[in-house]
Amino acid sequence: MSTTTSAARAQTVLGNDDWWRDAVVYQVYPRSFADGDGDGTGDLSGLRAKLPYLRKLGIDAIWLSPFYTSPLADGGYDVADYRDVDPRFGTLADFDAMIAYAHELDIRVIVDLVPNHCSDQHEWFQAALAAGPGSPERELFHFREGRGDLPPNDWESIFGGPAWTQTPDGQWYLHLFAPEQPDFNWDNPAVRAEFRDILRFWLDRGVDGFRIDVAHGMIKADGLPNVGKAGDERQVMMVGRGELPYFDQDGVHEIYREWRPILDSYPGGRMAVAEAWVPSPQRLARYIGRDELHQAFNFDFMMASWDADSFRTIIDKSLMEADLVGAPTTWVLSNHDKHRHVTRYGDGPVGLLRARTGTLLMLALPGSAYLYNGEELGLNEVLDLPDELREDPSFLRTGESRDGCRVPLPWGGTPADGFAFGPAGAAAPWLPQPASWAALTAEVQEDDPASTLNLYRQALAVRKSNPALGGGAVRWLAAPAGVLAFEREPGIVVVANLSKVPVSLDAFGGKALVTSGPLTETGELPVDTAVWLQR
Ligand code: BGC
């Protein structure tokens, strides 16, 4: 009648250094979060001004997507200077002020580190272009001669097209992503030394951790061999698949073994979370542990289809894998690379209710949860952006666009309040907000007890006052078809109705702590709704 899946770690009282194990981390996409200077682009002073809002929301940490000097050819994942802030986002002094205030409010700060590639405007790459073939400057990247008119090998870019671009002197350089993102040559000790130094630079400024971008990249197989796939079989995906010569190579672990002692040499539990797309939990486990990284993203939950079996299978699989990997898993429903979950679940009122239900499910699971800015407002994906405003480099090459989840957040009705919603004063946000968001601004939701913002606040407050929820086991309970029901250690029962009819809660008992939508007049749990019950 019930099964128990053990979590990675059943401990309920966490030491300070273990803060990340059950943390709720809020991803800030700096360009779109809050605009402090009214120029239509988000920035660090805007973020600083909104820290009390995040404190009230109840999150433990923020993860800041890249804010470094960048031409923004890939939204900042093309870094031109790893030790400075892009002027559009502010200055190093703004960063220092932001992190100091965050720490004052008990909010930790994780920053994005992009080690696989830089921007073509990075001074090293500019020097490599100028220095020409055979120079030591070119050794910092992967420059090669072509095969006649063809690129050096058959690798394809994740964003579409060949992974090589030819320079005027005839040589080609490797870029697994956009041509504006040349891959570093990690066989070169100077690259390794540079990144050790970059880590220290930000640790010295007080960051609590790093999100490692494309953590399974960096090392390429000796000789850059062909993948050998042609035609319709699109060779490039983010997943290493155990056969691609540019992902999940064994040599990448040497890098993490160099980084870990640096993290450990700072007090307070400095951590690193990997964005590593690898083919199996066994391969993932190799990235995690005492001498490498702390944790890795688990994107399976985000991929679940809206049915109870899909969620249950993925929850069980994720918890089993967390045991195998030896670190608590992460749960994610939305981020800057995927359509927002309101829209994935059907958009409109149905999508919103399901998104709220998915969030309640997620926040009751053991491990850490990563939220994406704006999901607490119930924002949908903006699907109808005019093509000429889209900036995602993959849109230009594949037609797939990640711009719709990057539309600036609607804060309120006045320009002084971050991204204004409405006409007066400040420059228009860098991507236009849909008119329907007038009903979703943080201002409108602030005092509405039924708002999505207040649902997140309520769920996070319950999670905070029941620290055992962040660890422990998931005990599945018998439930009607299409209904997910499980018990968590502090006597909290979670019921999510993904069936087609309302269900009675009588069999579960307890008092409702949080519900993703109203119960029926007779106290039943409506379709697409979830509840946390205290037994
Ligand atoms: C980031 C993307 C980025 C890519 C290249 C990904 O993992 O999440 O937004 O385009 O890395 O840096």
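The next subject is the nonpolar core. Membership of the largest hydrophobic core comes to 141 residues, with the highest contact counts inside it found for Tyr-26, Leu-54, Phe-95 and Trp-532. Here this core gets 7 residues from one element, more than from any other, and that element is helix H5 (residues 189-204). Filtering out sequence-adjacent residues up to four positions away, Leu-54 remains in contact with Tyr-26, Phe-33, Leu-47, Ile-59, Ile-62 and Ile-107. Judged by nonpolar contacts, the second largest core, of 16 residues, contains Ile-158, Ala-163, Leu-224 and Val-227.

Among the 6 residues of strand S16 (residues 483-488), 6 are classified as buried, and the element is accordingly described as predominantly covered. Burial along S16 is two-sided: Val-483, Ala-485 and Glu-487 and Leu-484, Phe-486 and Arg-488, pointing in opposite directions, are all buried. Inspection of the sheet shows strand S15 (residues 474-476) paired to S16 by 2 bridges, in the antiparallel sense. Pairing of Arg-475 across the sheet is with Glu-487, part of S16. Sheet topology note: the S16/strand S17 (residues 492-497) ladder contains 6 bridges and is antiparallel. Its bridge partner lying in S17, Phe-486 is registered against Val-494. Counting the residues that bridge the hairpin from S16 to S17 gives 3 residues, and of these Gly-491 lies at a positive phi of roughly 80°.

Another aspect to go through is the domain arrangement of the protein. A common measure of how large an interface is: the accessible area buried when the components associate. When its domains are assigned, the protein resolves into domain 1 (3-118 + 189-222 + 239-458), domain 2 (123-174) and domain 3 (473-534). Distance between the C-alpha centres of domain 1 and domain 3: 29 Å. A combined buried area of about 2,100 Å² lies between domain 1 and domain 3, and 66% of that area is made up of carbon and sulfur atoms. Our count for the contact surface shared by domain 1 and domain 3 stands at 1 salt bridge. The tally of links between domain 1 and domain 3 comes to 9 residue pairs in polar contact (both at pLDDT 80 or more). Of all the elements, helix H11 (residues 348-363) adds the most residues to the side of domain 1 that touches domain 3, at 8 residues. Broken down by class, the residue content of the side of domain 1 that touches domain 3 amounts to 16 nonpolar, 7 polar and 5 charged.

This next bit is on the sheet that holds strand S9 (residues 172-174). Across the sheet, 3 strands lie side by side as S7-S9-S8; this open sheet has antiparallel pairing. Of all strands in the sheet, those bounded by a partner on one side alone are strand S7 (143-144) and strand S8 (164-166). Inspection of the sheet shows S8 paired to S9 by 3 bridges, in the antiparallel sense. Directly across from Thr-165, in S9, lies its bridge partner Tyr-173.

Turning to the sheet that holds strand S6 (residues 108-113), a few remarks are in order. Taken together, 8 strands build an open sheet; the order of strands is S12-S11-S10-S6-S3-S2-S14-S13 and the sheet is parallel. Two strands close off the open sheet at either side, each with one partner strand: strand S12 (295-296) and strand S13 (330-332).

Of all residues adjacent to the ligand, which total 14 residues, the nearest are Asp-74, Asp-213, Glu-275, His-336 and Asp-337. For the ligand, an oxygen atom lies 2.5 Å from a polar atom in the side chain of Glu-275. Between the ligand and the protein, one listed contact pairs an oxygen atom with a side-chain N or O atom of His-336 at 2.9 Å. Notes on the ligand: free accessible area 310 Å², of which the protein chains cover 98%. Partitioning the shell around the ligand into residue classes produces 5 nonpolar, 2 polar and 7 charged.

Moving on to the environment of Gly-509. Topologically, Gly-509 is positioned in the loop between S17 and strand S18 (511-515). C-alpha of Gly-509 to C-alpha of Val-493: the two residues are 16 residues apart in sequence and 8.7 Å apart in space.

Quick look at helix H14 (residues 452-465) now. The terminal C-alpha atoms of H14, which comprises 14 residues, lie 20 Å apart, in line with the 20 Å expected from a rise of 1.5 Å per residue. In terms of burial, H14 is a largely internal element, 10 of the 14 residues being buried. Of the residues making up H14, those classed as buried are Thr-452, Leu-453, Asn-454, Leu-455, Tyr-456, Arg-457, Ala-459, Leu-460, Val-462 and Arg-463.

Throughout the structure, instances matching the rule amount to 34 salt bridges. Linking Arg-192 and Glu-258 is a salt bridge whose minimum nitrogen-to-oxygen distance equals 3.5 Å. Highlighted residues: Arg-192 in helix H5 and Glu-258 in helix H6 (residues 252-264), separated in sequence by 66 residues. Exposure remark for Glu-258: the relative accessible area of 26% places this residue in the partly exposed category. Glu-487 is the salt-bridge partner of Arg-535, the closest N and O atoms lying 3.4 Å from each other. Residue Arg-535 is found in the segment after strand S19 (530-534), and its partner Glu-487 is found in strand S16; the two are separated by 48 residues along the sequence. With relative accessibility at 15%, the residue Glu-487 sits in the buried group. One network of salt bridges, in which partners are shared, links Asp-74, Asp-337, Asp-392, Arg-402 and Arg-406.

Rules used throughout
Note that residues are indexed from 1 along each chain, following the sequence as it is written. Under the rules for a predicted model, residues below a pLDDT of 70 receive no local features and side-chain atom pairs below 80 are neither given nor counted, while totals for whole chains, interfaces and linings still include all residues. For side-chain calculations, the full set of non-hydrogen atoms in the structure is used, while hydrogens and water are omitted. In plain words, nonpolar cores are sets of buried Ala, Val, Leu, Ile, Met, Phe, Trp, Tyr and Cys residues tied together by side-chain atoms within 4.5 Å. Any residue under 20% of the maximum accessible area for its type is buried, any over 50% is exposed, and the rest in between are partly exposed; the area is computed with a 1.4 Å probe on protein chains only. Helical segments are the DSSP runs of H or I of at least four residues, strand segments are the runs of E of at least two, and each set is numbered from the N terminus. Working rule for contacts: check all heavy atoms of both residues, and any pair within 4.5 Å makes them a contact. Two strands pair under a simple rule: DSSP has to find at least two bridges between them. Residue ranges labeled as domains rest on an automatic or database domain assignment. Once two parts are put together, the accessible area they lose, assessed with a 1.4 Å probe and summed over both, is termed the buried area. In what follows, salt bridge is the name for a side-chain nitrogen of Lys or Arg lying within 4 Å of a carboxyl oxygen of Asp or Glu. Under this definition, polar contacts are N or O atom pairs within 3.5 Å; protein pairs additionally need one hydrogen-donor-capable and one acceptor-capable atom, and for neighbouring residues in sequence, both atoms have to be side-chain atoms. Amino acids are sorted into nonpolar (Ala, Val, Leu, Ile, Met, Phe, Trp, Tyr, Cys and Pro), charged (Asp, Glu, Lys and Arg) and polar (every other residue, Gly among them). For this purpose, a residue is taken to be near a molecule or strand whenever a single non-hydrogen atom of the residue falls within 4 Å of it. Accessible surface area values rest on a Shrake-Rupley calculation with a 1.4 Å probe, where residue burial reflects the displayed protein chains alone. One fewer than the residue count of a helix, multiplied by 1.5 Å, yields its expected span.

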